[in-house]
Amino acid sequence: METGEGDVLLVIDVQNDFCPGGALAVPRGDEVIDPIHRAAQRFEHIVLTQDWHPPSHASFASAHPGKKPFETIQMPHGMQTLWPDHCVQGSRGAEFHPSLGLARAELILRKGFQREIDSYSAFFENDGTTPTGLGGYLRERGLARVFLAGLAYDYCVGYSALDARRLGLEAFVLRDACRAIDLNGSVAAIEAEFARAGVGVIASAESIE
Ligand SMILES: [Zn+2]
């Protein structure tokens, strides 16, 4: 598969808190960095996302008395998994992993900054309707084919890929450039959604041939 002018590499949430030692570490999360760097060489356009929560964000278990991380609760927009406090605005945990060297990324899209609602997807908050603006950004710039990598495969990468399809974009997940949380069957669930939505799952080398 050749990459070209209308392609963008969308690198999801490669932040300290999602890497080993972080507050919500994805197992071997830092292993995505090398394949991302290799893939990035073949892309003219790179966009990064950054999970970016205010203190006491509604997705934090600590914001709900009596609740523990990884429990789920009913929120106005649907079920929400509760997480440990992570990626708090301005904290070290919210910074990109220090080994991530993508200085030429053209946009850093922050998400999850509204206290009352989470945003797994880079395109829509978890109500499924509030846009982040990324869809408009890609459209205005003529970027119609999205290749996704980063953390976590079964949450923010996955939901972003599905929403890219909803917006009529082509979407390919670079599987070896992602790592998963795999909570309660979440990998199988997202892959079923990928198949239904037409999200491609490929090896990162396939995108750079
Ligand atoms: Zn978050």
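What counts and how
- Residues numbered from 1 in each chain as written.
- Predicted model: local features only at pLDDT ≥ 70, side-chain atom pairs only at ≥ 80, totals over all residues.
- Heavy atoms only, no water.
- Core = buried A, V, L, I, M, F, W, Y, C linked by side-chain atoms within 4.5 Å.
- Buried < 20%, exposed > 50% of the residue type's maximum accessible area, 1.4 Å probe, protein only.
- Helix = DSSP H or I, 4+ residues; strand = E, 2+ residues; numbered from the N terminus.
- Contact = heavy atoms within 4.5 Å.
- Donors = N, O, S within 2.8 Å, 3.2 Å for Na, K, Ca; no water.
- Phe/Tyr/Trp six-rings, centres within 6.5 Å; stacked < 30°, edge-to-face > 60°.
- Lys NZ or Arg CZ within 6 Å of the ring centre and 35° of its normal.
- Expected span 1.5 Å × (residues − 1).
- Arc of directions from axis to C-beta.
- Salt bridge = Lys/Arg side-chain N within 4 Å of Asp/Glu carboxyl O.
- Axes fitted to C-alpha atoms, helices over the stretch in contact; angles between N-to-C directions.
- Parallel < 35°, antiparallel > 145°, perpendicular 65-115°, else oblique.
- Left-handed = near helix turned anticlockwise from the far one by under 90°.
- Nonpolar A, V, L, I, M, F, W, Y, C, P; charged D, E, K, R; others polar.
- Pairing = 2+ DSSP bridges.

Grouped together as the largest cluster of nonpolar side chains are 62 residues, with contacts concentrated most on Leu10, Ile36, Ile46, Phe123 and Val173. In terms of residue count, helix 3 (residues 153-166) provides more of this core than any other element does, seven residues in total. The residues touching Leu10, leaving out its near neighbours within four places in the chain, are Val47, Thr49, Ala122, Phe123, Leu134, Val146, Phe147, Leu148 and Ala149. Ranked by size, the runner-up nonpolar core spans five residues in total, among them Ala58, Ala61, Met75 and Leu82.

Moving on: the coordination of the zinc ion. Taken together, Asp51 (OD), His53 (NE2) and His86 (NE2) make up the full set of protein donors to the zinc ion, lying 2.0 to 2.1 Å away. Sequence spacing of the donor residues for the zinc ion, all on one chain, is D-x1-H-x32-H. Of the two residues, Asp51 is situated in strand 2 (residues 46-51) and His86 in the loop between strand 4 (78-81) and strand 5 (107-111); the sequence distance between them amounts to 35 residues. When its relative accessible area of 3% is taken as the criterion, Asp51 is described as buried. A relative accessible area of 3% means that His86 is categorised as buried.

Turning our eyes to something else, we now look at the packing of aromatic side chains. Applying the stated rule across the entire model yields eight aromatic pairs. Aromatic side chains Phe70 and Trp83 sit 5.9 Å apart centroid to centroid with 90° between the ring planes, which places their arrangement in the edge-to-face category. Placement of Phe70 in the loop between strand 2 and strand 3 (72-75) and of Trp83 in the loop between strand 4 and strand 5 is noted, with a sequence separation of 13 residues between them. According to the relative accessible area criterion, Phe70 is partly exposed, its value standing at 38%. When the centroid spacing of 6.4 Å and the interplanar angle of 70° are considered together, the rings of Trp83 and Tyr120 count as edge-to-face. Pair noted here: Trp83 is in the loop between strand 4 and strand 5 and Tyr120 is in the loop between strand 5 and helix 2 (134-140), with a separation of 37 residues, a long-range link. This pair shows no difference in class: Trp83 is buried, exactly as Tyr120 is. Of the aromatic side chains, those joined through ring pairs into one cluster are Phe70, Trp83, Tyr120, Tyr155 and Tyr159. One residue, Arg110, lies across the ring of Trp52, its end atom 3.7 Å from the ring centre. Above the ring of Phe124, the side-chain terminus of Arg166 is found at 4.4 Å from the ring centroid.

Moving on, we come to helix 4 (residues 186-197). Between the first and last C-alpha of helix 4 there are 16 Å, a value that for twelve residues agrees with the 16 Å anticipated at 1.5 Å per step. Within helix 4, burial applies to Ser186, Val187, Ile190 and Phe194. With its buried residues spanning 100° around the axis, helix 4 presents them on a single face. Turned more than 90 degrees away from the buried face of helix 4 sit Ala188, Ala195 and Arg196, all of them exposed.

A few words on the pattern of salt bridges. This model, assessed by the stated rule, comprises nine salt bridges. A salt bridge links Lys111 to Asp13; the shortest N-O distance between them is 2.9 Å. Residue Lys111 is located in strand 5, and its partner Asp13 is located in the loop between strand 1 (7-12) and helix 1 (33-40); the two are separated by 98 residues in the primary sequence. Pair check on accessibility: Lys111 and Asp13 agree, each one buried. Across the salt bridge formed by Arg196 and Glu193, the nearest N and O atoms sit 2.7 Å from each other. Placement of the pair is Arg196 and Glu193 together in helix 4, with a separation of three residues, close to one helical turn.

Between helix 3 and helix 4, the least distance of the axes is 10 Å, while the angle of their chain directions is 10°. As the angle between them shows, helix 3 and helix 4 are arranged roughly parallel. The handedness of the crossing between helix 3 and helix 4 is left-handed. Judged by residue contacts, Tyr153, Asp154, Tyr155, Gly158, Tyr159, Ala161, Leu162 and Arg165 of helix 3 engage Ser186, Val187, Ile190, Glu191, Glu193, Phe194 and Ala197 from helix 4. Each residue belonging to the contact of helix 3 with helix 4 can be placed in one class, and the counts come to nine nonpolar, two polar and four charged.

Overall, parallel pairing links the six strands, which are arranged 5-2-1-6-7-8 in an open sheet. The strands lining the two open edges of the sheet, one partner per strand, are strand 5 and strand 8 (200-202). Taking the axes of each pair of neighbouring strands and ignoring which way they run, one obtains an average angle of 25° across the sheet. The sheet contact formed by strand 1 and strand 6 (residues 145-151) spans six bridges and is parallel. Bridging from a neighbouring strand, Leu10 pairs with Leu148 of strand 6.

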